[in-house]
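# Descriptive analysis of the structure
These are the residues of each chain, in order.
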Amino acid sequence: MAQAAQMLIEIAEHFSTVPILAVTDSWFGNNGLWKPAYKAIGNRFNILSRLRCNNVLYDLPEKRKPKQRGRNKKYGQRLGSATDMAKTVQQEARFYNVNLYGKQREVSAYSRVVMLKTLKRPVQVVWVFRRTQWIALFTTDLNLSITQIIIRAIARLHDRFWDSMSQKSIRRTANHLCPGTPCVHLTHAQNPHG
């Protein structure tokens with residue numbers, strides 16, 4: 001994690017005036033990468049990652065009432081895991097037209113801003129549904145649209161879920177997906193021997 005954070009910091013120093021979006025797999029979607037990179041880079045740094053299915057999500061804290069005693073709450077009501085939420089939000093999902101693999105495709109997705117304790121901050125979570133499968137993505141950039149999140153995630157998270165949406169697997173380049181924003185793609189190397 002420290003090496004990945006240092007790499008991001010060096011990239012941010014080179015691109016000193018533009019926002020940095022790190023698109024990662026779920027291995028890097030925690031405070032081990034976020035905290036040191038955000039501390040050094042500041043508000044220009046955001047992360048987009050696959051959300052682990054067992055991550056627990058919380059609602060945003062309620063607004064403080066006038067003359068209320070005690071400190072502000074950091075988290076709202078416990079909503080459940082990403083898996084629990086996928087089961088409840090699938091009925092509320094809408095269809096979005098997204099350019100996947102060179103074709104316009106209809107993708108069923110649902111988005112919600114929640115608190116994530118692993119990062120200690122609000123994040124936007126997008127659940128993408130395909131038949132009986134689903135994937136949850138999250139980003140600290142609350143200004144990205146649902147389609148932008150899905151398109152940027154495809155560049156990094158190219159797996160069977162996305163392959164099932166296309167006969168041909170055509171990867172898009174980071175420059176095509178993130179015009180004007182350096183996209184850094186981080187993947188945890190799996191040990192092929194176990």
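Bear in mind that the values here come from a model prediction, so they are computed numbers and not experimental data. (Residues numbered from 1 in each chain as written. Predicted model: local features only at pLDDT ≥ 70, side-chain atom pairs only at ≥ 80, totals over all residues. Heavy atoms only, no water.)

### Overview of a positive patch on the surface
To be explicit about the condition: Residues form patches when they are more than 30% accessible in relative terms and have no salt bridge. Like charges link within 9 Å. Nonpolar side chains (Val, Leu, Ile, Met, Phe, Trp, Tyr) link within 5 Å. Accessible areas in this description were obtained via Shrake-Rupley with a 1.4 Å probe; residue shielding takes into account the shown protein chains only. Throughout this description, the term salt bridge denotes a Lys or Arg side-chain nitrogen within 4 Å of a carboxyl oxygen of Asp or Glu. When charges are tallied, Lys and Arg are placed among the positive residues and Asp and Glu among the negative ones, while His and the ends of the chain are skipped. To locate a charge, the coordinates of NZ of Lys, CZ of Arg, CG of Asp or CD of Glu are taken. By the criteria applied, helices consist of DSSP H or I runs no shorter than four residues and strands consist of E runs no shorter than two, each listed in order from the N terminus. Buried, partly exposed and exposed residues are distinguished by accessible area as a fraction of the type maximum, computed with a 1.4 Å probe on protein chains only: under 20%, between the cut-offs, and over 50%, respectively.
Taken together, the side chains of Lys-35, Lys-39, Arg-71, Lys-74 and Lys-120 make up a positively charged region of the molecular surface. As for its position among the elements, Lys-74 is in the loop between strand S3 (56-58) and strand S4 (78-81). With relative accessibility at 55%, the residue Lys-74 sits in the exposed group.

### Thoughts on the side chain of Thr-140
Going by this rule: In what follows, a contact means two residues having at least one pair of non-hydrogen atoms within 4.5 Å.
With respect to the helices and strands, Thr-140 occurs in the loop between strand S8 (133-139) and helix H4 (146-156). Judged by relative accessible area, Thr-140 falls into the buried class, the value being 6%. Once you skip the residues sitting within four places of it in the chain, Thr-140 turns out to touch Trp-34, Asn-46, Ile-47, Leu-119, Arg-121 and Val-123.

### A closer look at the packing of aromatic side chains
Applied cut-off: In summary, the pairing rule links any two rings of Phe, Tyr or Trp, Trp by its six-membered ring, whose centres are within 6.5 Å, and it sorts them by plane angle into stacked for under 30 degrees, edge-to-face for over 60 and tilted for everything else. Here, over-ring charges are defined by two tests on the NZ atom of lysine or the CZ atom of arginine: distance to the ring centre within 6 Å, and angle to the ring normal within 35 degrees.
Applying the stated criterion to the full structure yields four aromatic pairs. Measuring from centroid to centroid gives 6.2 Å for Tyr-110 and Trp-127, while their planes differ by 40 degrees, and the two rings are tilted. Here Trp-127 lies in strand S7 (residues 121-130) and Tyr-110 lies in strand S6 (residues 103-116), a separation of 17 residues in the sequence. Three or more aromatic residues link up through ring pairs in this structure, and these residues are Trp-34, Tyr-38 and Phe-45. One Lys or Arg, Lys-117, reaches over the ring of Tyr-75 and ends 5.0 Å from the middle of that ring. Looking at Arg-121, its charged tip hangs above the ring of Tyr-38, at a distance of 5.1 Å from the centre.

### Brief notes about the nonpolar core
For soluble globular proteins, the rule of thumb is that nonpolar side chains tend to be buried together. Our working rule: By nonpolar core is meant a set of buried Ala, Val, Leu, Ile, Met, Phe, Trp, Tyr and Cys residues that side-chain atoms within 4.5 Å join together.
Among the nonpolar cores identified, the biggest contains 31 residues, and Phe-45, Leu-51, Val-125, Trp-127 and Phe-138 are the most heavily contacted of them. Of all the secondary structure elements, the ones that give two or more residues to this core are helix H1 (2-14), strand S1 (20-24), helix H2 (31-41), strand S2 (45-50), helix H3 (82-89), S6, S7 and S8. Top contributing element to this core by residue count: H1, with five residues. Not counting chain neighbours up to four residues away, the residues in contact with Trp-127 comprise Leu-57, Ala-82, Met-85, Ala-86, Val-89, Ser-108, Ala-109, Tyr-110, Arg-112, Trp-134, Ile-135 and Ala-136. By size, the runner-up hydrophobic cluster in this structure holds 19 residues, among which are Tyr-96, Leu-100, Ile-146 and Ile-149.

### A closer look at the environment of Ser-49
For the record, the criterion: Distance and chemistry together define a polar contact, namely a pair of N or O atoms within 3.5 Å, with one atom able to donate a hydrogen and the other to accept it when in protein, and with adjacent residues in sequence counting only for side-chain atoms on both sides.
Following the sequence through the fold, Ser-49 ends up in strand S2. Taking the C-alpha atoms as reference points, Ser-49 and Phe-138, separated by 89 residues in sequence, lie 5.5 Å from one another. Dropping the residues within four chain positions of it, Ser-49 is found in contact with Thr-24, Asp-25, Ser-26, Gly-29, Ala-136, Leu-137 and Phe-138. A polar side-chain atom of Ser-49 sits 3.2 Å from a polar atom in the side chain of Thr-24.

### Considerations on the environment of Val-98
Here Val-98 is to be found in strand S5 (residues 94-100). Excluding its chain neighbours within four sequence positions, the residues that come into contact with Val-98 are Lys-103, Gln-104, Arg-105, Val-107, Thr-147, Ile-150 and Ile-151.

### Notes on the confidence of the model for the protein chain
Note the threshold: pLDDT expresses, on a scale from 0 to 100, how confident the predictor is about each individual residue.
For the protein chain, per-residue confidence averages 79 on the pLDDT scale, and 79% of positions sit at 70 or higher. Low pLDDT, under 50, characterises residues 187-194; the stretch is placed with six contacts to residues that sit more than four places away or in other chains.

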